[in-house]
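# Secondary and tertiary structure notes
Below are the chains, spelled out letter by letter.
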Amino acid sequence: MINSLFGQFSPDTILFIPLQLVSCMIAIVWALYIFPTNFFSGRISYIWTTVRLEAMKLLFQNGKKASAPWITTLTAVFFIILSVNLMGLFPYAFTVTSHASFTYSLAIPLWLSVNFLGFFMAFNSRLSHLVPQGTPSFLIPAMVWIETLSLIAQPIALGLRLAANLTAGHLLIFLLSTATWILASSPIVSALTLIILGLLFILEVGVACIQAYVFTSLVNFYLDQNI
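Residues numbered from 1 in each chain as written. Predicted model: local features only at pLDDT ≥ 70, side-chain atom pairs only at ≥ 80, totals over all residues. Heavy atoms only, no water.

## A look at the nonpolar core
Rule in force here: By nonpolar core we mean a set of buried residues, namely Ala, Val, Leu, Ile, Met, Phe, Trp, Tyr and Cys, connected to one another through side-chain atoms within 4.5 Å. Residue exposure (1.4 Å probe, protein chains only): buried if accessible area is under 20% of the type maximum, exposed if over 50%, otherwise partly exposed. In this description a helix means any DSSP run of H or I spanning at least four residues, a strand means any run of E spanning at least two, and both kinds are numbered starting from the N terminus. The criterion used for residue contact is that any of the two residues' heavy atoms lie within 4.5 Å.
Formed by 28 residues in total, the largest nonpolar core has its most connected members in Leu74, Phe78, Ile81, Leu158, Phe215 and Val219. Elements with a minimum of two residues in this core: α2 (43-60), α3 (71-87), α4 (100-121), α6 (140-182) and α7 (187-226). If near-sequence neighbours (up to four positions away) are discounted, Phe215 is found in contact with Val77, Ile81, Thr103, Leu106, Ala107, Leu110, Leu158 and Leu162.

## Brief notes about the layout of surface pockets
Here is the rule we go by: The definitions used throughout rest on a 1 Å grid laid over the protein atoms alone, on which a cavity is an enclosed set of points accommodating a 1.4 Å probe that cannot get out and a pocket is an open set flanked by protein within 12 Å on both sides along at least five of seven lines; lining residues are those having an atom within 4 Å of a point. Grid points are joined across faces, edges and corners, and a volume is the space filled by probe spheres set on the points. Gly counts as polar in this scheme, as do all residues outside two lists: the nonpolar Ala, Val, Leu, Ile, Met, Phe, Trp, Tyr, Cys and Pro, and the charged Asp, Glu, Lys and Arg.
Its boundaries defined by the atoms lining it, the second largest pocket holds a volume of some 210 Å³. The wall of the second largest pocket is formed by Phe119, Arg126, His129, Leu130, Glu147, Ser150, Leu151, Gln154 and Gln225. With four residues, α6 is the largest single contributor of residues to the lining of the second largest pocket. Within the lining of the second largest pocket, the residues separate by chemical class into three nonpolar, four polar and two charged.

## So, a nonpolar patch on the surface
Formally: Patch construction takes residues with relative accessible area above 30% that form no salt bridge. Like charges are linked within 9 Å, and nonpolar side chains (Val, Leu, Ile, Met, Phe, Trp, Tyr) are linked within 5 Å. Values of accessible area rely on a 1.4 Å probe in the Shrake-Rupley scheme; residue burial ignores everything except the protein chains shown. Salt bridges are counted wherever a side-chain nitrogen of Lys or Arg sits within 4 Å of a carboxyl oxygen of Asp or Glu.
On the surface, Trp181, Ile182, Leu183, Ile188, Val189, Leu192, Ile195, Leu199, Phe201 and Ile202 cluster together into a nonpolar patch covering about 1100 Å² of accessible area. Counting residues per element, the ones that place at least two in the nonpolar patch are α6 and α7. For the nonpolar patch, the leading source of residues is α7, giving seven residues.

## Things to note about the packing of aromatic side chains
We count it as follows: We call Phe, Tyr and Trp rings a pair once their centres come within 6.5 Å, taking the six-membered ring for Trp, and we label the pair stacked below 30 degrees between planes, edge-to-face above 60, and tilted otherwise.
If you walk through the whole model with that rule in mind, you get two aromatic pairs. Taken together, a centroid distance of 5.2 Å and an interplanar angle of 75° make the contact between Phe78 and Phe79 edge-to-face. Measuring from centroid to centroid gives 6.1 Å for Phe221 and Tyr222, while their planes differ by 55°, and the two rings are tilted. The class of Tyr222 is buried, set by a relative accessible area of 10%.

## Overview of α6
The criterion, for reference: One fewer than the residue count of a helix, multiplied by 1.5 Å, yields its expected span. What we call the bend at a residue is the angle made by axes fitted to the seven residues finishing there and the seven residues starting there.
Between its first and last C-alpha, α6 extends 60 Å over 43 residues, near the 63 Å set by a 1.5 Å rise per residue. The axis of α6 is deflected most strongly, by about 30°, at Ala153, and proline Pro155 appears within four residues downstream.

## Examining the side chain of Ser190
Our working definition: A 3.5 Å cut-off defines polar contacts: any pair of N or O atoms within that distance qualifies, except that in protein one atom must be a possible hydrogen donor and the other a possible acceptor, and neighbouring residues in sequence count only when both atoms are side-chain atoms.
With respect to the helices, strands and loops of the structure, Ser190 is situated in helix α7. The exposure class assigned to Ser190 is buried, which follows from its relative accessible area of 11%. Here Thr180 takes part through its backbone oxygen, which lies 3.2 Å from a polar atom of the side chain of Ser190. In this structure Ser190 touches Thr180, Leu183 and Ala184, once residues within four positions along its chain are discounted.

## Quick look at the side chain of Thr97
Within the secondary structure layout, Thr97 lies in the loop between α3 and α4. A polar contact of 2.6 Å, which involves the side chain of Thr97, links it to the side chain of Asn85. In contact with Thr97, other than residues within four places in its own chain, are Val84, Asn85, Phe102, Thr103, Leu162, Ala163 and Leu166.

## Quick notes on the environment of Phe120
Tracing the backbone through its elements, the reader meets Phe120 in helix α4. Considering only alpha carbons, one finds Phe120 and Asn226, 106 residues apart in sequence, at a separation of 9.6 Å.

## What about the UniProt feature "transmembrane region" (unreviewed entry) in the protein?
Selection criterion: UniProt positions are given in the numbering used here, feature names are shortened, and annotations may be inferred rather than shown by experiment.
Mapped onto this structure's residue numbering, the UniProt feature "transmembrane region" (unreviewed entry) falls at residues 14-35, 66-90, 102-123, 135-156, 162-184 and 191-214. Spanning residues 191-214, this segment combines 100% helix with 0% strand, and its end C-alpha atoms are found 34 Å apart.

## Notes on α4
Basically, it comes down to this: Summarising the geometry, the arc corresponds to the directions from the helix axis toward the C-beta atoms.
Across its 22 residues, α4 extends 31 Å between first and last C-alpha, which sits within 8% of the 32 Å expected from 1.5 Å per residue. For α4, the complete set of buried residues consists of Phe102, Thr103, Leu106, Ala107, Leu110, Trp111, Val114, Asn115 and Gly118. Considered in projection along α4, the buried side chains sweep an arc of 165° and stay on one side of the axis. Exposed positions of α4 whose direction lies more than 90 degrees from the buried face are Ser101, Phe116 and Phe120.

Take a look at the structure:
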């Protein structure tokens, strides 16, 4: 029972197991290809293979060849986020990606990994990025601080973008669904609100897909910058 506007973001438990863990495990089982392609048969197998290949083409169409070893990991991250986002749109489902604790648990390790890789592979080149070419000598100390802060802001923006967009969309769905129920005594107004709710739900499905794509694409972009 949701008693407040933000009550939908309070994780419940099933047999003392937090729902965010259940949601994550379901998404991981789906996204990490535990079921091989031949687990499905016929048209379902063809559709799943096509979706997976098209997603990989879309995510890495502008990537460098040096990022090839990361394709499997980033593809799994994409399907994990996509699965959790879409499952969160079902009634009485818990959207774990609306919590910054989950998004930062993905964003910070991935960001640290690609940056450690960059400093390990080309330490001098990575340091040179802190001072853009052509910077006057008297501005070099300030530019180092600015570029360092910009680098630190990357994982913060990466995790916050995902959580904020999903939270905002779910709040709008909650408000419109509540308004539809309250205005049931006025059929015309309630019907219009229901239509808007349906359109918003379709929009949220698109947002769920786009946010998974944006998150993975940004990690891939940071990877390309470092290698």
